[in-house]
Amino acid sequence: MSAGLPVSAGSPVSAFWPVTKPTGRHALALAVIDMQVDFCAPGGWVDQLGEDVSNTRAVIPAIAAVLDHARRAGIRIIHTREGHLPDLSDLPANKQWRTRVHGLGIGDRGATGRILVRGEPGWQIVPELAPRLDEPVVDKPGKSAFYATDFEATLHALGVTHLAIVGVTTDCCVQATLRDAYERGFEAVVLEDCTAAVERQNHVATMEILKAYGGRWGGVANSAAFVAALGGVHG
Amino acid sequence: MAEAPLALPAIAAAPYDYPFDGIWSAADTALLLLGFQEVTVDRLQAHAEVAVARSLVEATRAAGISIITTRASLGHGPLALRRAEAADAPPAVGSAGWDLVAALRPRAGETVIDHVGDEAFHASPLEPLLGSRGIRNLILAGLATDGMVHATMRAANDRGFECLVVSNACRGTTVDRHHAILRITMFGNGLFGTVADVSAILRAVKQYVSG
């Protein structure tokens, strides 16, 4: 039972690990999803489109704090980046077309290099959350970290069974990764104060859907509960 | 000589007309019916959505569009116990109410795919089957909007399929969740595809069938 793990007051979060606790620190990983310049920094793609990056930017300090706790606790940290090969051979035609309607599509050259193309300045993870050399970075062409990547193989190779998920955006890549983790038998929890959407309404609606039925595809918790859970995981 | 497939007229949809490049035919399109099983239809009170899906089936059959019906099941183990808590939890294989509702049972020769959980591509033959038939356009209907429909549409979208979700042939676990999922689907000029009412699809398909 996970009854000893505290959850925050005032938020209908589920117990931290809904089904089983990790057997030790080695079994727990923090997944940081797509905290890239193009999604959450001034001058990045979303900003160049004239959209508001304040929501996605606002979670950087909370994620930095969680990263710091995770590093000190010695648990695995895995980062993801959404991006495509320079020849765009992994970019579906409809995905490019939909983004080009905004005037600057995936693969086009903008102020931060070619949009969502691997190796370009805008594709990099924001400096505040830069991965350390020993932290795996998974490059993904889709929304889900599990699609066409080595993410699942990496988790299995490392013996990871439990995931805490943070990053952007709530309604898109975070939700996709949580759902897919569940379907593949991982126990995942999303940290509500460490995820955001471009439109707040979509963040709020997604959190309501994820919280339904006691955490439908895993738990919903927050930074404080995560830090407390780290203290409760031994070995 | 086989006849070249006739192009179908574009379907009026939001945020963009379907498909994105205007290229679709009976040969490269499938109707995906997701999780219209007796127990789920009852629990979500989705009888109206079944009737809409039935009209879609009749029109697409007449046009020669592939119909692929999926049947979800609960699976096994601790995650199955959690899955069982949702309003749209799929039934165990062979249990009462596991079967498809009578109105949407496939005809001989139409394909049924069984899978565990919410995502019809996961650990199922759906992707190779679509690939072998040369299908790139998917029209989706099913239960629940926030469960299997959205999970499957996300997976299809990552795989490059061009997706149209039929708004009134899907029902959420609540009305608000249904609308929230459609709003998220349409974000950013169609984050996961585009959305239409059944009437827009019937109009396009009937125009095609009547030549």
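*Asks:* Help me out: how do you make sense of the overall build of chain A in this one?
*Replies:* Of regular secondary structure, chain A possesses 9 helices and 8 strands. Computed over its C-alpha atoms, the radius of gyration of chain A comes to 17 Å, within 12% of the 18 Å expected for a compact globule of 235 residues. For the C-alpha atoms alone, the extent of chain A along its principal axes is close to 50 × 35 × 30 Å. Every one of the 235 residues in chain A was classed for burial, and the buried ones make up 55%.

*Asks:* Looking at this structure, how should I read the interface of chain A and chain B?
*Replies:* Accessible area lost upon the coming together of the parts is a frequently used measure of interface size. With 29 residues of chain A at the interface, the matching set in chain B holds 25 residues. Counting only elements with at least two residues in the side of chain A that touches chain B, the list comes to helix 5 (93–100), helix 7 (170–183) and helix 8 (200–215) of chain A. At 7 residues, the largest contribution of residues to the side of chain A that touches chain B is made by helix 8 of chain A. Here the side of chain A that touches chain B is composed, by residue class, of 13 nonpolar, 9 polar and 7 charged.

*Asks:* What's the story with the sheet that holds strand 6 (residues 194–196) of chain B in this structure? I'm lost.
*Replies:* Residue and element names in this part refer to chain B. Reading across from one edge, 3-2-1-4-5-6 is the order of the 6 strands in this open sheet, with parallel pairing throughout. Each edge of the open sheet is held by one strand with a lone partner, namely strand 3 (111–116) and strand 6. Geometrically, the sheet is characterised by an average inter-axis angle of 25° between neighbouring strands, direction not taken into account. Examined bridge by bridge, strand 2 (residues 66–73) and strand 3 share 6 bridges and lie parallel to one another. If you follow Thr 69 over to strand 3, its bridge partner there is Val 112.

*Asks:* What am I meant to see in the pairing of strand 6 (residues 162–168) of chain A here?
*Replies:* Remember that side chains alternate between the two faces of the sheet whenever the strand is regular. All names here are of chain A. With 7 of 7 residues buried, strand 6 is to be regarded as a mostly interior element. Burial of strand 6 is two-sided: the residues His 162, Ala 164, Val 166 and Val 168 facing one way and the residues Leu 163, Ile 165 and Gly 167 facing the other way are all buried. Of the pairings in the sheet, the one linking strand 1 (residues 28–33) to strand 6 comprises 6 bridges and is parallel in character. Bridge assignment links Leu 28 to a residue of strand 6, and that residue is His 162. Sheet topology places strand 6 next to strand 7 (residues 187–196); 6 bridges connect them, and they run parallel. Pairing of Ala 164 across the sheet is with Val 189, part of strand 7.

*Asks:* Would you explain the sheet that holds strand 7 of chain A in this entry?
*Replies:* Residues and elements named next belong to chain A. Pairing is parallel in the open sheet, where 6 strands are placed in the order 5-2-1-6-7-8. The open sheet has two edge strands, strand 5 (137–140) and strand 8 (219–221), and neither has a second partner. Within this sheet the neighbouring strands show an average axis-to-axis angle of 25°, counted without direction. Two strands pair when backbone bridges link them, and strand 2 (residues 76–82) and strand 5 are joined in this way by 4 bridges, in the parallel orientation. Counterpart to Glu 82 in the pairing with strand 5 is Lys 140. Its contacts with the sheet place helix 7 against strand 1, strand 2, strand 6 and strand 7, and it is angled at close to 170° to strand 7. Contacting strand 7 and strand 8, helix 8 crosses the sheet at an angle of about 120° to strand 8.

*Asks:* How should I be thinking about the environment of A:Asp134 in this particular structure?
*Replies:* Residues and elements named next belong to chain A. Along the chain, Asp 134 turns up in the loop between strand 4 (113–114) and strand 5. The class of Asp 134 is exposed, set by 8 C-beta atoms lying within 10 Å. In the structure, Asp 134 is positioned 114 residues away from Thr 20 in sequence and 28 Å away in space, judged by C-alpha atoms.

*Asks:* Which parts of the structure should I look at to understand the environment of A:Asp180?
*Replies:* Residue and element names in this part refer to chain A. You can see Asp 180 is positioned in helix 7. In this structure Asp 180 comes out as buried when scored by C-beta crowding, with 26 C-beta atoms within 10 Å. Put simply, Asp 180 and Ala 130 are 50 residues apart on the chain and 25 Å apart in space, counted from C-alpha to C-alpha.

*Asks:* Help me understand the nonpolar core in this model?
*Replies:* When a protein is soluble and globular, its nonpolar side chains tend to lie buried together. Counting 131 residues, the largest nonpolar core has A:Ile165, A:Val166, B:Leu56, B:Leu140, B:Val166 and B:Ile201 as the members making the most contacts within it. The element contributing the most residues to this core is helix 7 of chain A, with 7 residues.

*Asks:* What exactly am I supposed to notice about the environment of B:Phe20 here?
*Replies:* Along the chain, the position of B:Phe20 falls in the segment before strand 1 (29–34). Separated by 129 residues in the primary sequence, B:Phe20 and B:Val149 have C-alpha atoms spaced 20 Å apart. In this view, B:Phe20 contacts A:Asn94, A:Trp97, A:Arg98 and B:Glu162; residues no more than four positions away in its chain are not counted.

*Asks:* What is the right way to look at the confidence of the model for chain B in this model?
*Replies:* Detailed reading of the predicted model is not advised wherever pLDDT is low. Averaged over every residue, the pLDDT of chain B is 94; the share at 70 or more is 97%. Reported for the predicted complex are a pTM of 0.94 and an ipTM of 0.95.

*Asks:* For this particular structure, what's the right way to read the packing of helix 5 (residues 145–158) of chain B against helix 6 (residues 175–190) of chain B?
*Replies:* Helix-helix packing is described using two parameters, namely the angle between the two axes and the distance between the axes. Residue and element names in this part refer to chain B. It is the contact of helix 5 with helix 6, at a shortest axis distance of 10 Å, that shows an interaxial angle of 20°. The angle between helix 5 and helix 6 falls in the class roughly parallel. The hand of the helix 5/helix 6 crossing is right-handed. Residue-level contacts link Thr 145, Asp 146 and His 150 of helix 5 to Arg 177, His 178 and Ile 181 of helix 6. Here the contact of helix 5 with helix 6 is built from residues that sort into 1 nonpolar, 3 polar and 2 charged.

*Asks:* I'm lost on the pairing of strand 2 of chain B in this one. Help?
*Replies:* Residue and element names in this part refer to chain B. For strand 2, a buried count of 8 out of 8 residues is recorded, marking the element as mostly surrounded by other parts of the structure. With 5 bridges connecting them, strand 1 and strand 2 associate as parallel partners. Pairing of Leu 34 across the sheet is with Thr 70, part of strand 2.

Conventions and cut-offs
Residues numbered from 1 in each chain as written. Chains lettered and ligands numbered in written order. Predicted model: local features only at pLDDT ≥ 70, side-chain atom pairs only at ≥ 80, totals over all residues. Helix = DSSP H or I, 4+ residues; strand = E, 2+ residues; numbered from the N terminus. Rg over C-alpha atoms; globule rule 2.2 N^0.38 Å. Buried ≥ 20, exposed ≤ 12 C-beta atoms within 10 Å, placed from the backbone. Contact = placed C-beta atoms within 7 Å. Nonpolar A, V, L, I, M, F, W, Y, C, P; charged D, E, K, R; others polar. Pairing = 2+ DSSP bridges. Axes fitted to C-alpha atoms, helices over the stretch in contact; angles between N-to-C directions. Core = buried A, V, L, I, M, F, W, Y, C linked by C-beta atoms within 7 Å. pLDDT = per-residue confidence, 0-100. Parallel < 35°, antiparallel > 145°, perpendicular 65-115°, else oblique. Left-handed = near helix turned anticlockwise from the far one by under 90°.

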